[in-house]
Amino acid sequence: MNRESIYYLPEGSSESTFCYDESCPRLPLPKLDHTLKRYLESVKPFGTAAELENTKQIIETFRKGVGAQLQKILEEKAACEKNWVDKWWEDYAYCTLRMSLIPYCIMVQPLLLDTVGLESIPENFLKGPAVCLYHNMVFWKLLRTERLRPVATPDKQMVFSSDLYRRLYNTVRIPGLEMDKVESHFRTEKEGPCASHIIVLYGGRIFKVPGLDAKGDPLSPQDFLFALQQLQVKVESETVTHAGVPVLTNDDRTTWARNRTHLMELSARNKDSLRDIEQAVALLILDTHCPDSFSDLAQLALTGDVRSKWADKSCGTIAFKNGKMGCYGEHCCYDGSISISISLYVMMSIAEEGIPDWSVPPANLNLPEEVVFDLDDSLRQEIDRMEKVACDMRNSVLVSMDQFQDYGKAFMKKHKVHPDAYVQTALLLTYYRLHGSYAPTYETAMMRQFYKGRTETCRSCSIEAVNFIEAMESSGGNNVETAKLFKAAAKRQMELMNEARKGNGIDRHLFGLWCAAYDNGMPIPELYDDPLYNKSGGGGNFILSTSTLGYTINCGFVAPMCMDGYGCFYTMLEESVWGIFSAYRDSTVTSCHKFQQTFHQVMLDLKTLLESGDMGNKL
């Protein structure tokens, strides 16, 4: 496996990066009866007999009445739109949220560059990001020239949309008083020109650095290093009064929208400065923190120097003073699969090309251009206020990152359990052991095989999982029978995931029916006020928010959906499992550290269970 086979289209190929996007199949709209049947099954772990009977009646009333009307509206919408949920999902699931993006909404990923030869040492504070900027610009150029290989099965029977790559670079989430909007300034070379500069932030100051040379090729790592060195000297030797504007982007969205408008009204230079930032390829944040552990790295990549993070931008790389690095992405713009794709590309590039020869002098001696805002007393007061707010928010989301090293996917496959289903069931058991109840669980199901497809929800907490957990926690449980129940739970998990990936999930359809009622001025149906709707995770109330990030070392995370919930994100290697767990500091219920410790024990117990179950079968 190398970069060329994964990412590059061969010379002379008739394919191009976005060539299949318009021909991707329409997003299917499930039948109402089918969704309601699956929904009733999904609420069973969370209700008493009386509650379930009440829910059955509510579902039946909905099916025969307003649900049928709303389904007809969706059918009409799906007949004329290839993705009937796309605009609703962006507007109502993301853009109407008023909370600050950092730390509540963005995706974050620690970069474990030591594994590919780029050491985490202070000497690499600027060299590391110089290397990453170079490889990011190469990737940007692949997208511009449409030479990035579309993701597809070998027989091309299933091709995944590349559309979200259009919002990886040159993209920004613009704040609005009531609703934000995503603006993508990326263009392929056929479509026209687009900005090619990078924005670098350090100590609350903002600089513009070219990304290409005079021939239109990406600057070399040595070129980027020279620019970063000039920038570092400038920031560390001067004190200025205009620093700190980026912290305003970390406010609640409505307040930031007002301050952004005020910035633009204050001067023409401010309009130009905003345009330079918002249309830039990407961000680089230089941060003087020195994270020690994996957990510390994940935590500081999320918050760190919030004074130097422009939260609206679609993607950014973070370089710490001791040479460690991370990256983040704005979730409204694209999903985690895109983040993993670019970080894997950068890591493979470093592994294949090696560390640059830093003795080679730069060919382009570019001096960074400072981006300056004109400020008045009102905005200075806002910056002072937000610096205090950001400081208070720094640890509002707590993160624990760890590597479970006793076994990995090789052991799981040996026992004929799909690795993702294995870990999902382990997470459910972990929560039960800690809290004594079953957790409504969201797992991301990728839908990019459909036109402008994003994600669907796989509801992992099934009756089969409940049966296994009850047997596992019973002191008199038979190992052979419990092992069978574990495999049955894992099998059911894969069935649910496969159905969700086909478009037969529950939550996007129920979400669409709600949107149809809301947009048409109809009363919100009783179904959405049913206590079991919330208790089973509906309306964004999933206690466990989970996602598998594949089978590489790259692992990222987001904040939990609920105050008393967890974020659980993992990647499975042959002999280990990387996991990142997040929880809210102000929750009196959760602890990501305890969750991580319990997860370790659960994984060990499952290994014992399967091995003893095998022994029982041989007797």
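Scroll up for the structure.
Residues numbered from 1 in each chain as written. Predicted model: local features only at pLDDT ≥ 70, side-chain atom pairs only at ≥ 80, totals over all residues. Heavy atoms only, no water.

S.K.: Sorry, what's going on with the overall build of the protein here?
M.R.: A tally of helices and strands in the protein yields 20 helices and 15 strands. Since a compact globule built from 619 residues should have a radius of gyration of about 25 Å, the 25 Å found for the protein is in line with a globular shape. Its C-alpha atoms put the protein at 70 × 60 × 55 Å along the principal axes. Within the protein, the proportion of its 619 residues that are buried is 58%. Sequence separation of at least 24 residues holds for 77% of the intrachain contacts in the protein that already meet a minimum separation of 6. Summing over all exposed atoms, the protein offers an accessible surface of approximately 24600 Å²; the carbon and sulfur share of this is 51%. Looking at charge distribution, the protein has the averaged site of its 66 positive side-chain charges lying 4 Å from that of its 80 negative ones. (Helix = DSSP H or I, 4+ residues; strand = E, 2+ residues; numbered from the N terminus. Rg over C-alpha atoms; globule rule 2.2 N^0.38 Å. Buried < 20%, exposed > 50% of the residue type's maximum accessible area, 1.4 Å probe, protein only. Contact = heavy atoms within 4.5 Å. Areas by Shrake-Rupley, 256 points an atom, 1.4 Å probe, with all protein chains shown as cover. Lys, Arg positive; Asp, Glu negative; His and termini not counted. Charge placed at Lys NZ, Arg CZ, Asp CG, Glu CD.)

S.K.: When you look at the packing of helix 7 (residues 127-144) against helix 12 (residues 336-353) in this model, what are you seeing that I'm missing?
M.R.: Each packed pair of helices is defined by two parameters, the angle between the axes and the distance between the axes. Taken N-terminus to C-terminus, the directions of helix 7 and helix 12 make an angle of 115°; their axes are 10 Å apart at the nearest point. Crossing hand, helix 7 versus helix 12: right-handed. Counted together, Val-131, Cys-132, Tyr-134, His-135, Asn-136, Val-138, Phe-139 and Leu-142 of helix 7 and Ser-341, Ile-342, Tyr-345, Val-346, Ser-349, Ile-350 and Glu-353 of helix 12 form the full contact between these two elements. Taken together, the residues of the contact of helix 7 with helix 12 sort by class into ten nonpolar, four polar and one charged. (Axes fitted to C-alpha atoms, helices over the stretch in contact; angles between N-to-C directions. Left-handed = near helix turned anticlockwise from the far one by under 90°. Nonpolar A, V, L, I, M, F, W, Y, C, P; charged D, E, K, R; others polar.)

S.K.: For this particular structure, what's the right way to read the packing of helix 15 (residues 419-435) against helix 17 (residues 479-501)?
M.R.: Axis separation between helix 15 and helix 17 bottoms out at 9 Å; the angle between their running directions is 115°. Overall, the two elements helix 15 and helix 17 adopt an arrangement that is roughly perpendicular. Crossing geometry of helix 15 relative to helix 17 is assigned as right-handed. In this structure, helix 15 uses Asp-420, Ala-421, Tyr-422, Gln-424 and Thr-425 to contact helix 17, whose residues at the interface are Phe-486, Ala-489, Ala-490, Gln-493, Met-494 and Met-497. (Parallel < 35°, antiparallel > 145°, perpendicular 65-115°, else oblique.)

S.K.: Hey, could you run me through the sheet that holds strand 5 (residues 205-210) in this one?
M.R.: The strands that make up a sheet pair up through hydrogen bonds in the backbone, lying either parallel or antiparallel. The strand order 1-8-7-6-4-5-9 describes an open sheet built from seven strands, whose pairing is mixed. Unpaired on one side and paired on the other, strand 1 (107-111) and strand 9 (369-371) mark the two borders of the sheet. Geometrically, the sheet is characterised by an average inter-axis angle of 25° between neighbouring strands, direction not taken into account. Sheet topology note: the strand 4 (residues 197-202)/strand 5 ladder contains six bridges and is antiparallel. Across the sheet, Ile-198 pairs through a bridge with Val-209, a residue of strand 5. Across the sheet, helix 11 (residues 294-302) is in contact with strand 1, strand 7 (315-320) and strand 8 (325-329); its angle to strand 1 comes to roughly 135°. (Pairing = 2+ DSSP bridges.)

S.K.: I'm lost on the side chain of Ser-545 in this one. Help?
M.R.: Inspection of the secondary structure puts Ser-545 in strand 13 (residues 544-548). Setting aside chain neighbours within four positions, we find Ser-545 in contact with Tyr-442, Met-561, Tyr-566, Gly-567, Cys-568 and Phe-569.

S.K.: What am I meant to see in the packing of aromatic side chains here?
M.R.: When we look at a pair of aromatic rings, we describe it by the centre distance and by the angle of the planes. In this structure the tally under the stated criterion is 30 aromatic pairs. Seen from their ring centres, Tyr-104 and Tyr-584 are 6.2 Å apart, and the 40° between their planes marks the pair as tilted. Taken as a pair, Tyr-104 in helix 6 (residues 101-104) and Tyr-584 in strand 15 (residues 577-584) lie far apart in primary sequence, 480 residues in all. Given a relative accessible area of 26%, Tyr-104 falls into the partly exposed group. Accessibility expressed as a relative area gives 10% for Tyr-584, which makes it buried. A network of ring pairs unites the aromatic residues Tyr-7, Tyr-8, Phe-139, Tyr-165, Tyr-169 and Tyr-345 as a single cluster. The ring of Phe-18 is capped by Arg-166, whose NZ or CZ atom sits 4.2 Å from the centre of that ring. (Phe/Tyr/Trp six-rings, centres within 6.5 Å; stacked < 30°, edge-to-face > 60°. Lys NZ or Arg CZ within 6 Å of the ring centre and 35° of its normal.)

S.K.: Whenever I open this one, the pairing of strand 5 confuses me. Can you help?
M.R.: Hairpin connection between strand 4 and strand 5: a loop of two residues separates the two successive antiparallel strands, and Gly-203 in this loop has a positive phi of roughly 60°. Strand direction decides the pairing type here: strand 5 and strand 9, joined by three bridges, are antiparallel. Looking across to strand 9, one finds that Phe-207 is bridged to Glu-370.

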